[in-house]
Amino acid sequence: MLEIISFIPAAMSRDEQYQDLLSNISAMVADETDWISVMATTVCELHHKFDAFNWTGIYRVTEPGILKIGPYQGTHGCLTIPFEKGVCGASARSKKTQLVPDVSKRSDHIACSATTQSEIVIPICTPDGTLIGVLDVDSDEINAFDDTDVKGLEQITTFLGVHYASIIA
Ligand code: SME
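Bear in mind the structure is a predicted one, so any value in this text is a computation, not a measurement. (Residues numbered from 1 in each chain as written. Predicted model: local features only at pLDDT ≥ 70, side-chain atom pairs only at ≥ 80, totals over all residues.)

**A look at the environment of N24**
At step 1: Tracing the sequence through the fold places N24 in helix α1 (residues 14-29).
At step 2: For N24, a count of 13 C-beta atoms within 10 Å puts it in the partly exposed group.
At step 3: In this structure the C-alpha to C-alpha distance between N24 and D140, which are 116 residues apart in sequence, comes to 26 Å. (Helix = DSSP H or I, 4+ residues; strand = E, 2+ residues; numbered from the N terminus. Buried ≥ 20, exposed ≤ 12 C-beta atoms within 10 Å, placed from the backbone.)

Laid out in structure tokens, this is it:
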């Protein structure tokens, strides 16, 4: 009887893909002390990891109550978002992750792209709790994000906050 031995590795779960991603990003930026390089590398790695990520970027806190666009991948993003506006502003105000399965049902959503259907925004804080920005991921698919994304992306923003603190120390 013919025995078929498969050398194709089992597909990684999304949770495993996030762990893989975090390990790649941390290895890539381990010795990097330029914060823009760290943000740009992280955003690039994230954006190309998952097909459902259509816009991936970081908004930075540049003055009290103001978010300004940082490195991003995708089509044009809004340049300035005050804390009182948008899903990004809600995340900045509350320092909590905002998971929006359907942006049409979220009244404060700012539509930078007409094709966006769902969104997740995660705050980026240093270990002492200082907010330095938010990570925003948009998808053209409805309900593209779930608890696996919340966990995986929060691990990445925690890493970014720790790395930023080490750069400015
Ligand atoms: N949708 C965001 C604005 C940023 S863009 O999507 C790139 C918001 O509501 O804050």
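Now, onward.
**Considering the site of the ligand**
At step 1: Near the ligand, the surroundings consist of 13 residues, among which G86, V87, C88, I110 and C112 are the closest.
At step 2: Counting residues per element, the shell around the ligand draws most heavily on helix α3 (residues 86-94), which supplies 3 residues.
At step 3: Of the residues in the shell around the ligand, the class split is 7 nonpolar, 3 polar and 3 charged. (Near = placed C-beta within 6 Å. Nonpolar A, V, L, I, M, F, W, Y, C, P; charged D, E, K, R; others polar.)

**Examining the packing of α1 against helix α2 (residues 35-47)**
The axes of two packed helices give the description: the angle between them and the distance between them.
At step 1: Running from N to C, α1 and α2 cross one another at 150 degrees; their axes reach a closest spacing of 10 Å. Regarding the angle of α1 to α2, the classification is roughly antiparallel. As for the relative orientation of α1 and α2, their crossing is right-handed in sense. Where α1 abuts α2, its residues L21, N24, I25, M28 and V29 lie against V38, T41, T42, E45 and L46. (Axes fitted to C-alpha atoms, helices over the stretch in contact; angles between N-to-C directions. Parallel < 35°, antiparallel > 145°, perpendicular 65-115°, else oblique. Left-handed = near helix turned anticlockwise from the far one by under 90°. Contact = placed C-beta atoms within 7 Å.)

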